[in-house]
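# Residue-level structure breakdown
Take a look at the letters that make up each chain.
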Amino acid sequence: MAFDFDLIVIGAGSGGVRCARFAAGFGAKVAVIESRYLGGTCVNVGCVPKKLLVYGAHVREELQLAQDYGWAVQAGEVDWPELIRRKNNEIERLNGVYRRLLEGSGVSLYEGHGKLLDGHRVQVSGPAGEQVISAERVLIATGGWPQVPDIPGKELATTSNEAFYLPTLPKRVLVVGGGYIAVEFASIFHGMGAKTGLSYRGDLFLRGFDEALRQQLREEFRHKGIQLAFNSHVTSIRRAQDGSLLANMADGSVHNVDCVFYATGRRPMLDDLGLENTAVTLDERGFIAVDEHYQTAEPSVLAIGDVIGRMALTPVALAEGMAVARRLYQPEAFVPVDYQNIPTAVFSLPNMATVGLSEEQAREQGLRVKIFQSRFRPMKLSFSDSPEKTLMKLVVDADTDKVLGCHMLGPEAAEIVQGLAVAIKAGATKAVFDQTLGIHPSAAEEFVTMRQSVGE
């Protein structure tokens, strides 16, 4: 059977674009279908705009700190519309970059909604009308979508999709959730000057991260004035007469706010994808089921990224996209994705970053560990009255001396831990850390100067 393409990729997010570009570079004839925006969630309503807003939120703290260093400056109110305008300009620039990357790689771009008619044919519905294209293989890389619980008034909630385009900064915000997005947006809204509260069903946010960092971030949020409510959840939302929102809580209390921001998880974006026309199956969580090569139950269909529910991180999707392209079209260079010791960061204020096992995970695995930990006030805050603390922690295997995990809460945590992730990936021991000279004075040197174990 003759096909129009060797590979059709549905979804022009990070993983899809990476796979398409490199598959084309390896000689395949490739098409990409995208219904919304080039670059996917990360570029448009995720990592990139979020980090830009985190930078903006941090400016207020920097302006306050500037006074302690003798600068006669005052932190006024943020011009939110101007900030969003500049953010939009940057995102539009990146959309153009992605378009040029695809076009420069010889990839055919179809703008519209892609729906599988079977394992080889995809119907594209878009501005140019409807057309059907075919390929030997189809890759699903449609990403995820914010999920709001089915409560009365859920339509009044704001998610990350809308938050980046709010016309005005809400003066009062209730953030609902306890993961990356909830914690980061609590920092953003608070940093911009909004009165901010955070409600989470569990005992403490950021489940799965090292307990010491979670507890320290809780204290930092409280010092900053973010109102935290754990073991708490919203039962309904309604509009007040003045246009504000009333969030009814399970304990009977009511929050009167201007925005109820929901970050309670994301679902795979499978809407009207035509999976019922194929043999593709879902796992018990509702994600597309794949094997170790990202192969679905339909022989010609593969899937990567957030739709398979492994690790919802952009670098992971990129690695999966590269792995698929190489396995299919340059097998001699194929390297499987290693899901161990993947570094990650939470861009809260202060930042949190981690790689490897937490203390709790190491103990759950039955490992005998030594814990090295340092908590200190950043040198930059020496002239201020800020109580903020930096926390650094190493989890070490007591039997092999291998560093199992590296964790940090504090300024530039992501920049520091990214470098240390190389050492963890290489299997560095605590002795290697100890033999490494520090850069003085710096916060990072603490990771190579912690000598005394604080617990086993």
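Our structure's up above, just so we're on the same page.
First things first, this report covers the structure right here in the doc. (Residues numbered from 1 in each chain as written. Predicted model: local features only at pLDDT ≥ 70, side-chain atom pairs only at ≥ 80, totals over all residues. Heavy atoms only, no water.)

## Some thoughts on the overall build of the chain
Defined as follows: Numbering of helices and strands runs from the N terminus, with a helix taken as a DSSP run of H or I at least four residues long and a strand as a DSSP run of E at least two residues long. Every radius of gyration here is taken over C-alpha atoms, with the globule rule written as 2.2 Å times N^0.38, N being the number of residues. Relative accessibility under 20% of the residue-type maximum defines a buried residue, over 50% an exposed one, and the middle range a partly exposed one, all with a 1.4 Å probe and only protein chains included. In what follows, residue pairs with any heavy atoms lying within 4.5 Å of each other are defined as contacts.
Helix and strand counts for the chain stand at eleven helices and 21 strands. A globule of 456 residues ought to have a C-alpha radius of gyration of about 23 Å, and the chain, at 24 Å, matches this closely. In the chain, which comprises 456 residues, the proportion classed as buried is 50%. Across the chain, the fraction of contacts at a sequence separation of at least 24, relative to all contacts at a separation of at least 6, is 62%.

## With respect to the packing of aromatic side chains
This is how it is decided: Here is the rule: rings of Phe, Tyr and Trp (six-membered ring for Trp) pair when centre to centre is within 6.5 Å. Planes less than 30 degrees apart are stacked, more than 60 are edge-to-face, and the remainder are tilted. As a reminder, the over-ring test applies to NZ of lysine and CZ of arginine, requiring each to be within 6 Å of the ring centre and within 35 degrees of the ring normal.
All chains considered together, the criterion is met by ten aromatic pairs. Residues Y180 and F209 carry aromatic rings whose centres are separated by 5.6 Å and whose planes lie at 70° to one another, so their mutual orientation is edge-to-face. In this pair, Y180 sits in helix 6 (residues 180-191) while F209 sits in the loop between strand 9 (195-200) and helix 7 (211-224), placing the two residues 29 residues apart along the sequence. You can call F209 buried: its relative accessible area is 11%. Consider the rings of F205 and F230, whose centres lie 5.4 Å apart with planes at 80°: the pair is edge-to-face. Remark: F230 occurs in strand 10 (residues 227-230) and F205 occurs in the loop between strand 9 and helix 7; sequence separation between them is 25 residues. Residue classification places F230 among the buried residues on the basis of a relative accessible area of 17%. Put simply, the rings of F164, F185, F189 and F261 touch in pairs and so form one group of aromatic residues. The positively charged end of K87 is found above the aromatic ring belonging to Y165, 3.8 Å away from the centroid. Taking the ring centre of F372 as reference, the NZ or CZ of K430 above it sits at 4.3 Å.

## Comments concerning the pairing of strand 5 (residues 121-126)
In plain terms, the rule: If DSSP finds at least two bridges between two strands, the strands pair.
Bridge analysis of strand 4 (residues 113-116) against strand 5 gives four bridges, and the strand direction is antiparallel. Considered in strand 5, the bridge of H113 is made with S125. Here strand 4 folds back onto strand 5 in antiparallel fashion, the turn holding four residues. One ladder, built from six bridges, connects strand 5 with strand 6 (residues 129-140); its direction is antiparallel. Within strand 6, the position partnered with R121 by the bridge is S134. Linking strand 5 to strand 6, which pair antiparallel, is a turn of two residues.

## Re helix 1 (residues 14-25)
Using the following cut-off: Given a helix with a known number of residues, its expected span is that number minus one, times 1.5 Å.
Helix length check: helix 1, at twelve residues, gives a terminal C-alpha distance of 17 Å against a target of 16 Å (1.5 Å per residue), a fit within 8%. Considered for burial, the residues of helix 1 that qualify are S14, G15, G16, V17, C19, A20, A23 and A24. Phi turns positive, to about 105°, at G27, one or two residues after helix 1.

## Thoughts on the layout of surface pockets
To keep things clear, this is the line we draw: Grid points spaced at 1 Å and placed over the protein atoms alone form the basis of the search, with a cavity being a set where a 1.4 Å probe fits but cannot get out and a pocket an open set showing protein on both sides within 12 Å along at least five of seven lines. Lining residues have an atom within 4 Å of a point. Grid points are joined across faces, edges and corners, and a volume is the space filled by probe spheres set on the points.
A volume near 1200 Å³ is recorded for the second largest pocket. Residue lining of the second largest pocket: 47 residues in total, with H58, E61, L381, E388 and P411 positioned closest to the centre. Listing elements by their share of the lining of the second largest pocket, those giving two or more residues are helix 3 (47-68), helix 6, helix 7 and helix 10 (413-425). Residue contributions to the lining of the second largest pocket peak at eleven residues, all from helix 3.

## Some details on the sheet that holds strand 18 (residues 352-356)
We count it as follows: Working convention: axes come from line fits to C-alpha atoms, limited for helices to the stretch in contact. Angles between N-to-C directions cover 0 to 180 degrees.
Within the open sheet, the five strands sit side by side as 17-18-21-20-19. Their pairing is antiparallel. The sheet terminates laterally at strand 17 (344-346) and strand 19 (369-376), the two strands that pair on one side only. Ignoring strand direction, the axes of neighbouring strands in this sheet form an average angle of 10°. Two elements, strand 17 and strand 18, share three bridges in a ladder whose sense is antiparallel. Looking across to strand 18, one finds that T344 is bridged to T354. Packed on one face of the sheet, helix 7 meets strand 18, strand 19, strand 20 (390-397) and strand 21 (403-409) and runs near 0° to strand 21.

## Notes on the environment of I188
Among the structural elements, I188 can be located in helix 6. In this structure I188 comes out as buried when scored by relative accessible area, which is 0%. I188 sits 133 residues away from Y55 along the chain, and the two C-alpha atoms are 8.7 Å apart. Aside from chain neighbours lying at most four places away, what touches I188 is K50, L53, V54 and A57.

## Observations regarding the environment of V422
Here V422 lies in helix 10. For V422 and N161, which are 261 residues apart along the polypeptide, the C-alpha to C-alpha distance reads 33 Å.

## Observations concerning the sheet that holds strand 12 (residues 245-249)
For sheets, the rule is that strands pair by backbone hydrogen bonds, running either parallel or antiparallel. Spatially, three strands are ordered 11-12-13 in an open sheet, and the strand pairing comes out antiparallel. Because the sheet does not close on itself, it has two edges, and the strands there are strand 11 (234-239) and strand 13 (254-257). Looking at each pair of strands side by side, their axes are set apart by 20° on average, direction ignored. Of the strand pairs in this sheet, strand 12 and strand 13 are connected by four bridges, and their pairing is antiparallel. In the sheet register, A247 faces strand 13, and the bridge partner there is H255.

## Some words on helix 3
Worth spelling out the cut-off: A residue's bend is the angle separating two fitted axes: one through the seven residues that end there, the other through the seven that start there.
End to end, helix 3 covers 32 Å across 22 residues, agreeing with the expected 32 Å (1.5 Å per residue, within 8%). Along helix 3, the sharpest change in direction is near 25° and occurs at V59. Among all positions in helix 3, only P49, K50, K51, L53, V54, A57, L65 and A66 are buried. Count one or two residues on from helix 3 and you reach G70, which has phi positive near 90°.

## Considerations on the nonpolar core
The condition is simple: Throughout this description, the term nonpolar core refers to a set of buried Ala, Val, Leu, Ile, Met, Phe, Trp, Tyr and Cys residues connected via side-chain atoms within 4.5 Å.
Of all hydrophobic cores here, the largest spans 65 residues; its most connected members are F205, F261, L394 and F447. In terms of residue count, the dominant contributor to this core is helix 10 (seven residues). Sequence-distant contacts of L394, defined by excluding residues within four places in its chain, comprise K370, I371, F372, V403, G405, C406, K430, F433, F447 and M450.

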